[in-house]
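Here is how the chains run, residue by residue.
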Amino acid sequence: MSDNDSLENDELLDDRGQGEKVGSRFTLSVCLLLTLAMCAFWLISNYNTQNLLRQQADQLGQTVAAQTALQMTEFVLANDRISMNVVLDELIRGTSFAELAVINTDNEVIAFASQTLPEPRAFIPLPFSLSREQAEYSEPISLRGATAGSIRLVLDLSSVEVAIINNLLMVLGLAILLVLVAFALTTTYFNYLVSFPVNLLAQALANIRNGVVEASFEPEGDDEIARAIREYNQTAEFLVQNTF
């Protein structure tokens, strides 16, 4: 009899282990689905953010180039290179413009200003250096229909790349947090609302083979597991009253 009891206990442990595997697969499925959802969210968010920032950068570059062309018109006609260099230095100071130049009709640079921009940094230190992507804009210097030269402006787009990387880091951090919360919630839900009552029902069913017929713990609610346990309890009560 003890051998049979040992065999039954081993079978019950195997059933519980199988239940734990089912719970693990359920939790893994939920976490995987959440991860895929966050990846899709990041792709959409990254696409929209990149397009928006690039449009703003292009609008800024074209606007500044046009305004600079208007300011340089008189200086170019007077060939006042000192004033042009002073104005260009003032225009790019403290901005994200890397270069600003005035070019005459012979394609020669007659005024030039540049600055060394600091290296862009993300929220957290990265094991690699960011690329220094740049965009170039030009605007003609015209007066009464005649072209006296042009403005060449180089805009540093590192801020756009940093914004995209920061967006990725925030989404990644949020995804990790949500996966951890989902793992904890699904594990707790499955253990206390599924595995626990099912294991008690399995124990009660195993006791029937030993001649012990007793009711199992009956959880609250009206889900499938609660109804199955109620059916078992009614069957056990019937067997006790009519068989033993």
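Above this text is the structure in question.
The following refers to the structure shown. (Residues numbered from 1 in each chain as written. Predicted model: local features only at pLDDT ≥ 70, side-chain atom pairs only at ≥ 80, totals over all residues. Heavy atoms only, no water.)

**Focus: the overall build of the protein chain**
Step number 1: Broken down by element type, the protein chain carries 4 helices and 4 strands.
Step number 2: Along the protein chain, helices and strands appear, N-terminal first, in the series α-α-β-β-β-β-α-α.
Step number 3: Here the protein chain holds 244 residues, and 29% of them are scored as buried.
Step number 4: Put simply, of all contacts in the protein chain between residues at least 6 apart along the chain, 58% involve residues at least 24 apart.
Step number 5: Working note: accessible area of the protein chain is about 15,800 Å², and carbon and sulfur atoms make up 59% of it. (Helix = DSSP H or I, 4+ residues; strand = E, 2+ residues; numbered from the N terminus. Buried < 20%, exposed > 50% of the residue type's maximum accessible area, 1.4 Å probe, protein only. Contact = heavy atoms within 4.5 Å. Areas by Shrake-Rupley, 256 points an atom, 1.4 Å probe, with all protein chains shown as cover.)

**Quick look at the nonpolar core**
Step number 1: Core analysis: the largest hydrophobic core is formed by 23 residues, its most contacted members being M72 and V102.
Step number 2: Of all the secondary-structure elements, those providing two or more residues to this core are α1 (2–78), α2 (81–92), β1 (97–103), β2 (109–114), β3 (134–143), β4 (146–156) and α3 (158–208).
Step number 3: Here this core gets 5 residues from one element, more than from any other, and that element is α1.
Step number 4: Residues within four places of V102 in sequence aside, it is in contact with M72, V76, M84, L88, E108, V109, I110, A111, I141, S150 and I151. (Core = buried A, V, L, I, M, F, W, Y, C linked by side-chain atoms within 4.5 Å.)

**Concerning the sheet that holds β1**
Step number 1: Across the sheet, 4 strands lie side by side as β2-β1-β4-β3; this open sheet has antiparallel pairing. The open sheet terminates on both sides in strands that have one partner only, identified here as β2 and β3. Taking the axes of each pair of neighbouring strands and ignoring which way they run, one obtains an average angle of 15 degrees across the sheet.
Step number 2: Contacts from α2 reach β1 and β2, with the element oriented near 25 degrees to β2. (Pairing = 2+ DSSP bridges. Axes fitted to C-alpha atoms, helices over the stretch in contact; angles between N-to-C directions.)

**Regarding the environment of A98**
Step number 1: Structurally, the position occupied by A98 is in strand β1.
Step number 2: Spatially, the C-alpha atom of A98 lies 8.4 Å from that of A113, the residues being 15 residues apart in sequence.
Step number 3: Leave out the neighbours within four places in its chain, and A98 touches A113, S114, Q115, L117, Q134 and V154.

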